[in-house]
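Chain by chain, the residues:
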Amino acid sequence: MPTPHLDLSADVVTLTAAVCDIPSVSRDEQALADAVETALLAVPHLEVLRDGNAVVARTDLGRDERVLLAGHLDTVPLTDPPNLPVRRVDGLLYGRGTTDMKGGVAVQLALAATLAEPNRDVTYVFYDCEEIEDEFNGLGRLARTHPDWLAADFAVLLEPTDGGVEGGCKGTLRVDVTTKGIAAHSARPWNGHNAIHDAGEILTRLSAYEPETVTVDGLDYHEALNAVGISGGIAGNVIPDVCRVSVNYRFAPTKNAEEALAHVRGVFSGFDVTLGDSADGALPGLDRPAAQAFVAALGLPVTAKQGWTDVARFSALEVPAVNFGPGDPNLAHTDDERCPEQQITDAEAALRRWLEGAGA
């Protein structure tokens, strides 16, 4: 099939619609990646690189700083019937990807095509498979195979933030806290020991736990420790010999996953604590000159990112990062996904101010 065409001279809202109208459900991004690569190869001031369905374009002007803009090409599956092509209604774009996150991708494309002389060297990253399992994540793959492509002093991930700026992100960790008993017939419970009853102490500790608020670069990260699941018992007439309480810890980016696990083990001292999965958070790096210039140019308040995003992958490469992009994240993945056109226009204008203004 011929490669779909993206007109990088179009206004950014029209470009967003065009990007959305090329379906790119996770692991099926090739058509959109081909279109992005083809369009960027025609821009003379960019070097364009490709790894699978990830495309990287960058300037090489010898500036004192390099900044990076990143966004994922993939979306969650379409609805049935499909919520494409995009519809424009009363200043809103409706359709899959309008919020998460092809408005941000279009902003990157518009800037890449038109900023021939930015005040900093810029790397634009368009990657695949963000919406599915971590092992497939294209940004993670680039970090492993081409870390030099991601080298920068500061990064902006254009995930939807409703037009605000969210610095860094919290880390996340999940453990199973296990109690062990002795199975017996429920008519004769004295012959056994009920593991579910022992889980009451785990829940008591959780109820009494007082999470910290940790301030980093003036941003408040509110930690959280919560039970997110519980399982135990094999039949209605059997005293359960095992009970597992799944606990999720959201921790400030000043901790790494190893320190977070040690903290959780301390909270549940005396119980068997088994790690399920974990991911470090990301420091916002607002003390860096590039970050300070970004905040000053945008003129928007900065809040802490309370969830986890791919900015953490930049933090692992010692690149401070923030989240900033058009679209309300509460509308991501919904059947009536939509994004205000003005937010897309405003995001492009804000980043253009930053990259066209006075140098670092």
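Above: the structure in question.
A.B. asks: Go over the pattern of salt bridges, please, and point to the residues and values.
C.D. replies: One side chain can pair with another of opposite charge once the charged atoms of both are near each other. Within this structure, the stated rule accounts for 21 salt bridges. With a closest N to O distance of 3.3 Å, Arg174 and Asp277 form a salt bridge. Within this pair, whereas Arg174 is found in strand β9 (residues 171-180), its partner Asp277 is found in strand β16 (residues 272-279), the two being separated by 103 residues in sequence. You can call Arg174 partly exposed: its relative accessible area is 28%. On the basis of relative accessible area, Asp277 is assigned to the partly exposed category, the value being 40%. The salt bridge involving Glu212 is made with Lys255; its shortest N-O contact spans 3.7 Å. Taken together, the residues Glu212 in the loop between α5 (195-208) and β11 (213-216) and Lys255 in the loop between β15 (242-251) and α6 (257-267) connect sequence positions 43 residues apart.

A.B. asks: Tell me what's going on with the packing of helix α1 (residues 12-20) against helix α3 (residues 102-114), and back it up with residues and numbers.
C.D. replies: At a minimum axis separation of 8 Å, α1 and α3 run at an interaxial angle of 120°. Taken together, the axes of α1 and α3 are oblique relative to one another. For the pair α1 and α3, the crossing hand works out as right-handed. Facing α1, whose interface residues are Val12, Leu15, Thr16, Val19 and Cys20, α3 presents Lys102, Gly103, Val105, Ala106, Val107, Leu109 and Ala110. Taken together, the residues that form the contact of α1 with α3 break down as nine nonpolar, two polar and one charged.

A.B. asks: I'd like a rundown of the sheet that holds strand β5 (residues 92-94), residues and numbers included.
C.D. replies: Read across the sheet, three strands follow the order β4-β5-β19 without closing on themselves; strand pairing throughout is antiparallel. Sheet topology places β4 (87-89) and β19 (338-340) at the edges, where each strand pairs with a single neighbour. The average undirected angle you get between the axes of adjacent strands in this sheet is 25°. Relative to β5, β4 runs antiparallel, the two being bridged by three bridges.

The rules behind the values
- Residues numbered from 1 in each chain as written.
- Predicted model: local features only at pLDDT ≥ 70, side-chain atom pairs only at ≥ 80, totals over all residues.
- Heavy atoms only, no water.
- Salt bridge = Lys/Arg side-chain N within 4 Å of Asp/Glu carboxyl O.
- Helix = DSSP H or I, 4+ residues; strand = E, 2+ residues; numbered from the N terminus.
- Buried < 20%, exposed > 50% of the residue type's maximum accessible area, 1.4 Å probe, protein only.
- Axes fitted to C-alpha atoms, helices over the stretch in contact; angles between N-to-C directions.
- Parallel < 35°, antiparallel > 145°, perpendicular 65-115°, else oblique.
- Left-handed = near helix turned anticlockwise from the far one by under 90°.
- Contact = heavy atoms within 4.5 Å.
- Nonpolar A, V, L, I, M, F, W, Y, C, P; charged D, E, K, R; others polar.
- Pairing = 2+ DSSP bridges.

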